[in-house]
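Close look at the chain arrangement
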Amino acid sequence: EKSPHIYTREEVKSHSSLETRIWVTLGCEVFDVTEFVDLHPGGPSKLMLAAGGPLEPFWALYAVHDQAHVREILAQYKVGELSSEDKAPSTLKTSDPYADDPVRHPALKVNSQRPFNAEPPPELLTENYITPNPIFFTRNHLPVPNLEPETYRLHVVGPPGCQSLSLSLDDLYQFPKHEVTVTLQCAGNRRSEMTQFKEVKGLEWNAGAISTARWAGARLCDVLAKAGHQLRETEAHVCFEGLDSDPTGTAYGASIPLARAMDPEAEVLLAYEMNGQPLPRDHGFPVRVVVPGVVGARHVKWLGKVSVEPEESYSHWQRRDYKGFSPSVDWDTVDFDSAPSIQELPVQSAITEPKDGETVQSGEVTIKGYAWSGGGRAIVRVDVSLDGGLTWQVAELNGEEQRPRKAWAWRLWQLQAPVPAGKKELNIVCKAVDDSYNVQPDSVAPIWNLRGVLSNAWHRVHVRVTP
Ligand code: HEM
Ligand code: MTE
């Protein structure tokens, strides 16, 4: 038998488009799967996510590949093996503050590497009702702290008359364990559509700065009650501080009204589990706040301190960011004190399939997406148009039933529709309605704001139709 061709990871990586052919690796073996792309039962676009790199992180998400016949298919395409120094991923040591950040899933579309900000690609985002942990969107402002579970302590500080607590993880496990499915959305989700209209300051998020998980932990109201809190001051706030900090020692912080924190029905959690696992480092290990129905920015990760204060958090991210303004306000005229901090988010929906610019078959088209509203408001309907909003059809809603006033998680939706005969292109649009009959605005212009937050106009996708 001939000895196998030896390739480096760099060489494999250079084969990631149909022009250069599609190579992937499994273990130390290298495969050229170009001929299989169009035959893939999961679709070509999913296979392409792994082009030029390892299959393992993708196959870990889809157990269907754990079968002998899948290995046999792959074996036909073997072209060689990885060089010995390339078998183990290299480790690098530097004084870079981000050097200790965790390893991320290669499917994530990275908007910024340091700090790490990334979203799942649309074709994976709505593949599962519960987003798998490795592809849950990540929004970090700072390096990820590396915290030891044994020495971790959460400081709960109250006003005079209340007890201060220092809680270990074991102490937190003693509170009743509460579990709830919650969708987290960043205020900057779909910002790139605002940027297309007029420049804004912020990361270029597409429609994937949103994900859903089953969170478990102690209810914040139970922990505050243990410290002796009652809902006396209806104007008070609960401030959170993360253990991530910048070189000057300033930590990430945010706050929510005390009334929400103390309301057992609001189900605010100090979460230590995400989809049955300890929190991944990127998502706040060992403890984060989960505030159902509220903008992601308040779900403070790597939680170090909880305090009840007469005023909102003085954090930059509470007072100088994550606020909405009129389209007329620019960076010369903005007065951050004039607008309230974003808490509950407006009704939102987006199309994840097909993708903008894609070509679809004539006959029938399948359109998929998500819909969600803040404050526990349920989604009552998603309308879809194939002609830019002239005529509409109602999509089918999938995923968990929503509880009235506690609809914390998204609905996924789907519409199968005939492609009108003779159409060469489709202007697909979606819009959702929540149970307060709030609707999405039809365009970006009236809601454009200098920070590019609260971007929830009708979502539009333009596709061509093959004749
Ligand atoms: C399904 C092979 C890469 C996602 C399948 C099936 C095969 C297959 C044979 C059908 C399994 C069955 O039902 O028994 C392969 C091979 C790959 C590859 C040989 C690499 C060259 C990927 C990647 C992803 C992916 C990178 C994800 C990002 C899926 C999904 C299904 C599937 C979601 C299920 C489709 C459905 O049942 O609707 N794949 N796959 N595959 N694959 Fe892959
Ligand atoms: N908490 C800390 N400590 N540091 C952060 O940078 N980012 C916030 C919030 N909590 C952040 C944080 C923002 S803006 C969002 S949208 C969510 O975390 C994102 O949570 P995720 O990365 O788990 O998706």
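Here the structure is a predicted model, which is why all the values come from computation and not from measurement.

1. Details of the overall build of the protein chain
Broken down by element type, the protein chain carries 10 helices and 27 strands. C-alpha extents for the protein chain along the principal axes are approximately 80 × 60 × 45 Å. Of all intrachain contacts in the protein chain linking residues separated by at least 6 positions in sequence, the fraction that spans at least 24 positions is 70%. Carbon and sulfur atoms form 52% of the exposed surface of the protein chain, whose accessible area is close to 21600 Å². In the protein chain, 46 positive and 61 negative side-chain charges are present, and the distance between their average locations comes to 2 Å.

2. Some details on the sheet that holds strand S4 (residues 29–32)
Strand order in the open sheet formed by 5 strands is S1-S5-S4-S3-S2, with mixed pairing between adjacent strands. Edge positions in the sheet fall to strand S1 (6–7) and strand S2 (16–17), since each of these pairs with one other strand and no more. Relative to strand S5 (residues 78–82), S4 is paired through 3 bridges, and the arrangement is antiparallel. Counted as the bridge partner of Glu29 is Glu81 from S5.

3. Thoughts on the pattern of salt bridges
Within the structure shown, the criterion is met by 24 salt bridges. The residue Lys78 makes a salt bridge to Glu81 at a minimum N-O spacing of 3.0 Å. Arg320 serves as the salt-bridge partner of Asp337, at 3.2 Å between the closest nitrogen and oxygen. On the criterion of sequence distance, the pair formed by Asp337 in the loop between helix H10 (316–319) and strand S19 (348–353) and Arg320 in the loop between H10 and S19 is long-range, its members being 17 residues apart. With relative accessibility at 53%, the residue Asp337 sits in the exposed group. Judged by relative accessible area, Arg320 falls into the partly exposed class, the value being 35%. The structure contains a network of salt bridges with shared partners spanning Arg260, Glu344, Arg377 and Asp434.

4. Side note on the site of ligand 1
In the vicinity of ligand 1, 20 residues are found, and the nearest of them are His40, Trp59, His65, Gln67 and His69. Between an oxygen atom of ligand 1 and a side-chain N or O atom of His69, the distance comes to 3.0 Å. At the level of elements, helix H2 (44–48), helix H3 (56–59) and helix H4 (68–75) are the ones that each hand at least two residues to the shell around ligand 1. Of all the elements, H4 adds the most residues to the shell around ligand 1, at 4 residues. Partitioning the shell around ligand 1 into residue classes produces 14 nonpolar, 5 polar and 1 charged.

5. Brief notes about the site of ligand 2
With respect to spatial proximity, 20 residues lie near ligand 2, and among them Phe137, His141, His283, Arg288 and Lys301 are the closest. Side-chain polar atom of His141 to an oxygen atom of ligand 2: 2.7 Å apart, as the coordinates give it. One of the backbone N or O atoms of His299 is found 3.0 Å from a nitrogen atom in ligand 2. When isolated, ligand 2 has an accessible area of 530 Å², and the protein chains bury 100% of it. Of all the secondary-structure elements, those providing two or more residues to the shell around ligand 2 are strand S8 (138–139) and strand S13 (237–245). Partitioning the shell around ligand 2 into residue classes produces 9 nonpolar, 7 polar and 4 charged.

6. Remarks on the sheet that holds S13
Judged by pairing direction, the sheet is mixed, and its 5 strands sit side by side in the order S10-S9-S18-S13-S14 without closing on themselves. Pairing within the sheet leaves two strands with one partner each, and these edge strands are strand S10 (165–167) and strand S14 (251–257). Neighbour-to-neighbour, the strand axes of the sheet open up by a mean angle of 15°, direction not taken into account. Pairing geometry for S13 and S14, over 6 bridges, is antiparallel. Paired with Val238 across the bridge in S14 is Ile256.

Rules used throughout
- Residues numbered from 1 in each chain as written.
- Chains lettered and ligands numbered in written order.
- Predicted model: local features only at pLDDT ≥ 70, side-chain atom pairs only at ≥ 80, totals over all residues.
- Heavy atoms only, no water.
- Helix = DSSP H or I, 4+ residues; strand = E, 2+ residues; numbered from the N terminus.
- Contact = heavy atoms within 4.5 Å.
- Areas by Shrake-Rupley, 256 points an atom, 1.4 Å probe, with all protein chains shown as cover.
- Lys, Arg positive; Asp, Glu negative; His and termini not counted.
- Charge placed at Lys NZ, Arg CZ, Asp CG, Glu CD.
- Pairing = 2+ DSSP bridges.
- Salt bridge = Lys/Arg side-chain N within 4 Å of Asp/Glu carboxyl O.
- Buried < 20%, exposed > 50% of the residue type's maximum accessible area, 1.4 Å probe, protein only.
- Near = heavy atom within 4 Å.
- Polar contact = N/O pair within 3.5 Å; in protein donor to acceptor, adjacent residues only side chain to side chain.
- Nonpolar A, V, L, I, M, F, W, Y, C, P; charged D, E, K, R; others polar.
- Axes fitted to C-alpha atoms, helices over the stretch in contact; angles between N-to-C directions.

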